[in-house]
Amino acid sequence: EQEVFAGRRSLSRRKKGGRRWEARVGNVTQRLLPSGSSALDVSVVITGDYRPPPYIDLNVIAEDSINRQGEKVISSLQERGSRAGRSFFERVEGIEATAKEALTERPTRAPTGKPSPGPTGLPTAEPSLLPSALPSDQPSAQPSRALEQTIVTGSSQDLQLGGTTTSSYGYLFNLRTKPTSPVVQITSLEFYTESTQSVNYEVWTREGSFKDFKGSYEGWTLIAEGSVEGRGLGRYTQIPDDTFTPVSIRGGGGEDGTRAFYITLDSKELIYKLGNGPDSDVDVHASSAELEVYEGEGVLTYPFPAVAEISYYRYPRQYLGTIHYDRLPCKPYSVFGHVMDLPCPDMPTSSPTPPQPTRNPVTPPPSTSPVTEPPMTPAPIIAGVTLSPIPPTMVPTLTPTISSVPSASPTTQSPTSSPIVPMRAYIVSIFRNAPERDMTSREIEKFLEITTEFLRRHTQSSMVIEGVEIWHQKLTLADAKEGSVTWEEEEEEEEEEDGEAEQEDLNVFPDDEGEQTTDMSMSPSIRRRLNDKKNFSKGQLKHEQKVEVPKVTAVEITLIIKISVSTLPENLLGNMAAVAMNENQVELLSLLNEQAAFYTYFKHMDGIQSNSVEFVTKAPTLSPTTYQFFLSNQVIETDVETVPEESEGSKFMVFVGLGVAALWCCLTGISLTYLYKVRARMNEENELKELLSQEKVNPLDTKKEENTKDVNDQWRENGLSNEPDMENQD
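What counts as what
- Residues numbered from 1 in each chain as written.
- Predicted model: local features only at pLDDT ≥ 70, side-chain atom pairs only at ≥ 80, totals over all residues.
- Heavy atoms only, no water.
- Helix = DSSP H or I, 4+ residues; strand = E, 2+ residues; numbered from the N terminus.
- Buried < 20%, exposed > 50% of the residue type's maximum accessible area, 1.4 Å probe, protein only.
- Phe/Tyr/Trp six-rings, centres within 6.5 Å; stacked < 30°, edge-to-face > 60°.
- Lys NZ or Arg CZ within 6 Å of the ring centre and 35° of its normal.
- Contact = heavy atoms within 4.5 Å.
- Core = buried A, V, L, I, M, F, W, Y, C linked by side-chain atoms within 4.5 Å.
- Axes fitted to C-alpha atoms, helices over the stretch in contact; angles between N-to-C directions.
- Parallel < 35°, antiparallel > 145°, perpendicular 65-115°, else oblique.
- Left-handed = near helix turned anticlockwise from the far one by under 90°.
- Salt bridge = Lys/Arg side-chain N within 4 Å of Asp/Glu carboxyl O.
- Lys, Arg positive; Asp, Glu negative; His and termini not counted.
- Expected span 1.5 Å × (residues − 1).
- Disulfide = S-S within 2.5 Å.
- Patch = residues over 30% accessible without salt bridge, like charges linked within 9 Å, V, L, I, M, F, W, Y side chains within 5 Å.
- Areas by Shrake-Rupley, 256 points an atom, 1.4 Å probe, with all protein chains shown as cover.
- Charge placed at Lys NZ, Arg CZ, Asp CG, Glu CD.
- Pairing = 2+ DSSP bridges.
- pLDDT = per-residue confidence, 0-100.

> Can you lay out the overall build of the protein for me, pointing to particular residues and giving the numbers?
Scanning the protein from terminus to terminus reveals 13 helices and 26 strands. Counting across all 730 residues of the protein, residues that qualify as buried make up 30%.

Printed below as a string of structure tokens:
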């Protein structure tokens, strides 16, 4: 953005999160103002990532960078200007940078505003507060400090995990206010961990020092608990503000102005620093104008080891982290002044405070029953409202009773419209060339979806179908091909009774339950031929004979069609649906066959025959379900003694176990026999060696020679040789 002020042009660039500097460039070619100071004031905002510690003054870095290398900055401006074909910076001779805090504005050539013709505000309705008895203090030489203060412990070397840092589970330390400090409020804490994963933390506190209250949570208060993602090396991890409960520390220092803190993790990832003092709570290793941070103790286990286990405490240790606190919790200072403890004192209001409402009603609750006598007068008669009828008496009254006059119009609400009762239609469909099994739940779901859409499309002009359900499905047999029944001419001399028998056989056959039903799988052309055959005269009738046709597996499905609205009578709805399926069976079969890639049940279906029925009954059960059959079955079961039977698998396992045991016994016997033979041979070898050694000592001993001969003869008998021993003797 550009701003023009009386002979001066100011360029400013601002970005969120940065600082602002003013840069003055002298002897610049003027474009906006032909006369006046030939200088250009530029406001520059420099942004970047900066993570303390250490804390440094960014103003000094920016000023030194520009002021020390001014010639380089000017040459860069001139070079880029000439490259862009502009001569704006050709006459620039110098550049100077000053931080905005130390910058004074240039005087303007003319006043920047005119005085208002009248007072700028109306007087207040009430007089202001009385003036103070003494004049106010002089303003301070430096601006006041912010209310939110922080104490950062450690250095950049400590954050790199040098030789003076260590880690453990927890850390104990004391915070103490200075003697001249008022009450402060701790608002948050930061700790140091090298982990970048989620860590679980707890922060406990109590008034006073921790020295005599280690190893027990009695008297401690939990002010923070949860999990936070560690920021790793070089950065402190802050406890979220929403999980931290602020606590106050009394002013004035001493034991009253001391508060102990215990920070602990459930893992050995809390980093702190080795201390310098003789003991904990002796030396101060970090401080501010209000607070002092004393050296504490490291805790080597979780959660809080007993004080008797002194090996779990190491001291002195220094805290690594940041302490956030509010140096003036009672605001404003002009009203409350120097407060030494919380809560803040009550201040008198300018007007009386109205009484606060009570939590509960002050009046007694109403009684559960009336406390007055019932009224003696009858209820008033309201015109246009029919009174309730008078109940009849057991005996007639002495005087006749007069009924109330009926109202001119009904006093009750008008009746609602009749509810829509869904209608039902039932059809039985036979699907030819179906697998020899029932449909699965997924196949039923897809079948109903296709059938519902098919029926809605072909019957939408006469009915509105809400849905279709399968009542029953069973396997049956059907002709391999529709219209496969053929006829052959025979001699006319056959008897008429045989022709009538053929006619009955072709039109009627027993179904699965023994009832006579019409063969609905025949094509309409064959049925017409059969009907015409009845009308032929006896002389003209050509007797025909039925040819056996192969049967294929089919599935008979009973469907319930739910219909909400229809323009046809209810008894014709099933016929309408059956006709739609019969006349458009090619379309329905193609829709089913398209699903063969995922539903193989519909892959080979090639024919449909549907018929309407008036009602459906429950499907037959596999066994009788009468109560008498149940009782007889119970008697039979009680009379039969149950004999446990051993399964074939258990017998086989017994034989396998016996075989393994026999094999183990044989191997054991063979092993023992072999061991005995080897031991006997070893004993003989040892005796022979002893005799040979004695012969070396006294070779002239005849007894030993005889013994040696006997031993040699014994070796030969056993098939052994003493040559290796003789080689050893040589």
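What follows picks up the thread again.
> Please provide a residue-by-residue account of the packing of aromatic side chains, values included.
Aromatic ring pairs: the centre-centre distance and the angle between the two ring planes describe each pair. Taken as a whole and judged by the stated rule, the model has 15 aromatic pairs. On the numbers, 6.4 Å between centres and 40° between planes, the contact of Tyr-599 with Phe-602 is tilted. Per residue, the accessibility class of Tyr-599 equals that of Phe-602, and both read buried. Here Lys-214 stacks its cationic end above the ring of Tyr-313, 4.7 Å away from the centre of that ring.

> Break down the environment of Asp-438 for me, with residues and values.
Note on placement: Asp-438 falls in the loop between strand S21 (423–432) and helix H5 (441–459). Look at Asp-438 and you get partly exposed, because its relative accessible area is 41%. The residues contacting Asp-438, other than those within four sequence positions of it, are Glu-443, Gln-473, Leu-475 and Tyr-601.

> Which residues make up the environment of Thr-180, and what are the values?
Within the secondary structure, Thr-180 is located in the loop between strand S8 (170–177) and strand S9 (184–191). Classification of Thr-180 as exposed rests on a relative accessible area of 66%. Spatially, the C-alpha atom of Thr-180 lies 7.5 Å from that of Gly-251, the residues being 71 residues apart in sequence.

> Explain the nonpolar core to me, and be specific about the residues and the numbers.
Counting residues in hydrophobic clusters, the biggest one holds 31 residues, and the most contacted among them are Phe-431, Phe-447 and Met-605. Elements that contribute at least two residues to this core include exactly S21, H5, strand S22 (463–479), strand S25 (551–566), helix H8 (573–583) and helix H9 (585–593). Each residue touching Phe-447, except ones within four places of it in the same chain, is listed here: Phe-431, Met-439, Ile-470, Ile-557, Leu-559, Leu-592 and Phe-602. With 29 residues, the next largest nonpolar core counts Phe-173, Val-228, Ile-249 and Leu-291 among its residues.

> Lay out unusual backbone geometry with the relevant residues and their values.
It is generally the case that most residues other than glycine have a negative phi and that most peptide bonds are trans. Cis geometry is adopted by the peptide bond preceding Pro-316, which originates at Tyr-315 and carries an omega value of -5°. Examined against the element boundaries, Pro-316 turns out to sit in strand S19 (residues 313–318). The peptide bond linking Leu-342 to Pro-343 adopts the cis configuration, its omega dihedral lying at 5°. Summarising the element assignment, Pro-343 is placed in the loop between helix H4 (333–336) and S21. The backbone phi angle of Asp-281 is positive, close to 60°, even though this residue is not glycine. Here Asp-281 falls in the buried class, since its relative accessible area comes to 17%. Positive phi is not limited to glycine here, since Asn-433 has a value of about 60°.

> So what's going on with the packing of H5 against H9? Residues and values would help.
Across the interface, H5 lies against H9 with an axial gap of 10 Å and an inter-helix angle of 150°. Put simply, H5 runs roughly antiparallel to H9. H5 and H9 meet at a crossing whose hand is right-handed. Contacts from Phe-447, Ile-450, Phe-454, Arg-457 and His-458 of H5 reach H9 at Glu-587, Leu-588, Leu-591 and Leu-592.

> Tell me about the pattern of salt bridges, and please be specific about residues and values.
Scanning the model with the defined rule gives 18 salt bridges in all. When salt bridges that share partners are traced, they join Glu-207, Arg-250, Arg-259 and Asp-341 into one network.

> Give me the side chain of Glu-295: which residues, what numbers.
Tracing the backbone shows Glu-295 in the loop between strand S17 (291–294) and strand S18 (296–299). Buried and without a salt bridge, Glu-295 has Arg-317 as its closest oppositely charged side chain, separated by 8.3 Å. If we skip the residues at most four places from it in the chain, Glu-295 touches Tyr-171, Gly-275, Asn-276, Gly-277, Asp-279, Ser-280, Asp-281, Asp-283, His-285, Pro-316, Arg-317 and Gln-318.

> With reference to specific residues and values, describe H5.
For H5, built from 19 residues, the straight-helix expectation of 27 Å at 1.5 Å per residue is met to within 8% by its first-to-last C-alpha distance of 26 Å. If you follow the buried residues of H5, they end up packed against S21, S22, S25, H8 and H9.

> Before we move on, can you summarise the state of the cysteines with the specific residues and values?
Any covalent bond linking the sulfur atoms of two cysteines counts as a disulfide. Counted according to the given criterion, the structure contains 1 disulfide. Here Cys-330 pairs with Cys-344 through a disulfide, and the sulfurs are 1.9 Å apart. Measuring handedness by torsion sign, the sulfur bridge of Cys-330 and Cys-344 sits at about -100° and is left-handed. Of the two residues, Cys-330 sits in the loop between strand S20 (321–326) and H4 while Cys-344 sits in the loop between H4 and S21, which places them 14 residues apart along the sequence.

> Give me the lowdown on a negative patch on the surface, citing residues and values where you can.
On the surface, Glu-684, Glu-685, Glu-687 and Glu-690 cluster together into a patch of negative charge. Looking at the secondary structure, you find Glu-690 in helix H11 (residues 648–697).

> I'd love a proper account of the pairing of S8, names of residues and values included.
Here S8 lies mainly inside the structure; 8 of its 8 residues are buried. Where burial is concerned, the two faces of S8 agree: the one with Gly-170, Leu-172, Asn-174 and Arg-176 and the one with Tyr-171, Phe-173, Leu-175 and Thr-177 are both buried. Direction of pairing for S8 relative to strand S14 (residues 258–265): antiparallel, over a ladder of 7 bridges. Opposite Arg-176, over in S14, you have Thr-258 as the bridge partner.

> Just give me the short version of the sheet that holds S22, but keep the residues and values in it.
Read across the sheet, 4 strands follow the order S22-S25-S21-S26 without closing on themselves; strand pairing throughout is antiparallel. If you trace the sheet from one side to the other, it starts and ends with S22 and strand S26 (607–613), each paired once. Adjacent strand axes in the sheet meet at a mean angle of 20°, parallel and antiparallel pairs treated alike. Where S21 lies against S25, 10 bridges are found, and the strand directions are antiparallel. Bridging from a neighbouring strand, Val-428 pairs with Thr-558 of S25. Seen against the sheet, H8 touches S21, S22, S25 and S26 and runs at an angle of roughly 175° to S26. On the sheet, H9 packs against S21 and S26 and is oriented at approximately 115° with respect to S26.

> Describe the confidence of the model for the protein, and please don't skip the residues or the numbers.
Residues at a pLDDT of 70 or more form 67% of the protein, whose mean pLDDT is 76. Within the model, pLDDT remains below 50 along residues 483–497, and this stretch shows 35 contacts once partners closer than five positions in the same chain are excluded. In the model, residues 536–544 has pLDDT below 50 throughout and makes 21 contacts with residues more than four positions away in sequence or in other chains.

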